[in-house]
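Residues per chain, in single letters:
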Amino acid sequence: MSIISNIGIWIIPVFIAFVVIMATWKRIPSYELFVEGGKEGIQMAISLLPFLLGMIVAISVLRSSGAIEAAVDLLTPVLAYVGVPGEILPLAFIRPISGAASLGMTTELIATHGPDSFLGRLASTMQGATDTTLYILTVYFGAIGVKKIRYALKVGLIADLIGIIASIIIVNYMFG
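What this report covers is the structure whose coordinates are included nearby. (Residues numbered from 1 in each chain as written. Predicted model: local features only at pLDDT ≥ 70, side-chain atom pairs only at ≥ 80, totals over all residues. Heavy atoms only, no water.)

### A few points about the pattern of salt bridges
Reasoning step 1: Tallying each qualifying case throughout the model produces one salt bridge.
Reasoning step 2: We note a salt bridge from Arg121 to Asp116, for which the minimum N-O separation is 3.8 Å.
Reasoning step 3: Exposure remark for Arg121: the relative accessible area of 26% places this residue in the partly exposed category.
Reasoning step 4: The class for Asp116 is exposed, based on a relative accessible area of 58%. (Salt bridge = Lys/Arg side-chain N within 4 Å of Asp/Glu carboxyl O. Buried < 20%, exposed > 50% of the residue type's maximum accessible area, 1.4 Å probe, protein only.)

And the structure:
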């Protein structure tokens, strides 16, 4: 175990030293290029702020307005009929929007019901089978300046829906 720890400790400094030595050997102005990259990174972060702020406001509005709770209350009886617990619905709604919020919900479900419970397994599987579609569209499309997302939103949300359904089917089949 100490060999792996030592490798983990030394890998980044050795890599940085290697890059600096190679840049010096090839007579590349490494420091100037580093500073230029830092400037570009700051400009990119500033250009992404409006997109991220819009997404954070949208999440706050959905949570504060009670829209998510209303949808959960509406869909819980329908899902209970097919054997899906209603406690998983907030995770299914939040996962396409925010990775951090969905990870928090998954952690809460696992802490409440246990990692080997049906809900714990379903939340974990759903977390791995879906993606943060709206976050990806916001950050990546915003970073490169795409204004019209065309079919990306539809395809991403359909893929998330398929991931959610597949999670439910697979966990029901394997552990239900």
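### Details of the side chain of Thr132
Reasoning step 1: Positionally, Thr132 belongs in the loop between helix 6 (118–129) and helix 7 (133–144).
Reasoning step 2: When near neighbours in sequence (up to four residues on either side) are disregarded, Thr132 contacts Arg95, Pro96, Ser98 and Gly99. (Helix = DSSP H or I, 4+ residues; strand = E, 2+ residues; numbered from the N terminus. Contact = heavy atoms within 4.5 Å.)

### Some words on the packing of aromatic side chains
Reasoning step 1: Tallied over the entire structure, the rule returns zero aromatic pairs.
Reasoning step 2: We note Arg121 situated over the ring of Phe175; from NZ or CZ to the ring centre the distance is 4.0 Å. (Phe/Tyr/Trp six-rings, centres within 6.5 Å; stacked < 30°, edge-to-face > 60°. Lys NZ or Arg CZ within 6 Å of the ring centre and 35° of its normal.)

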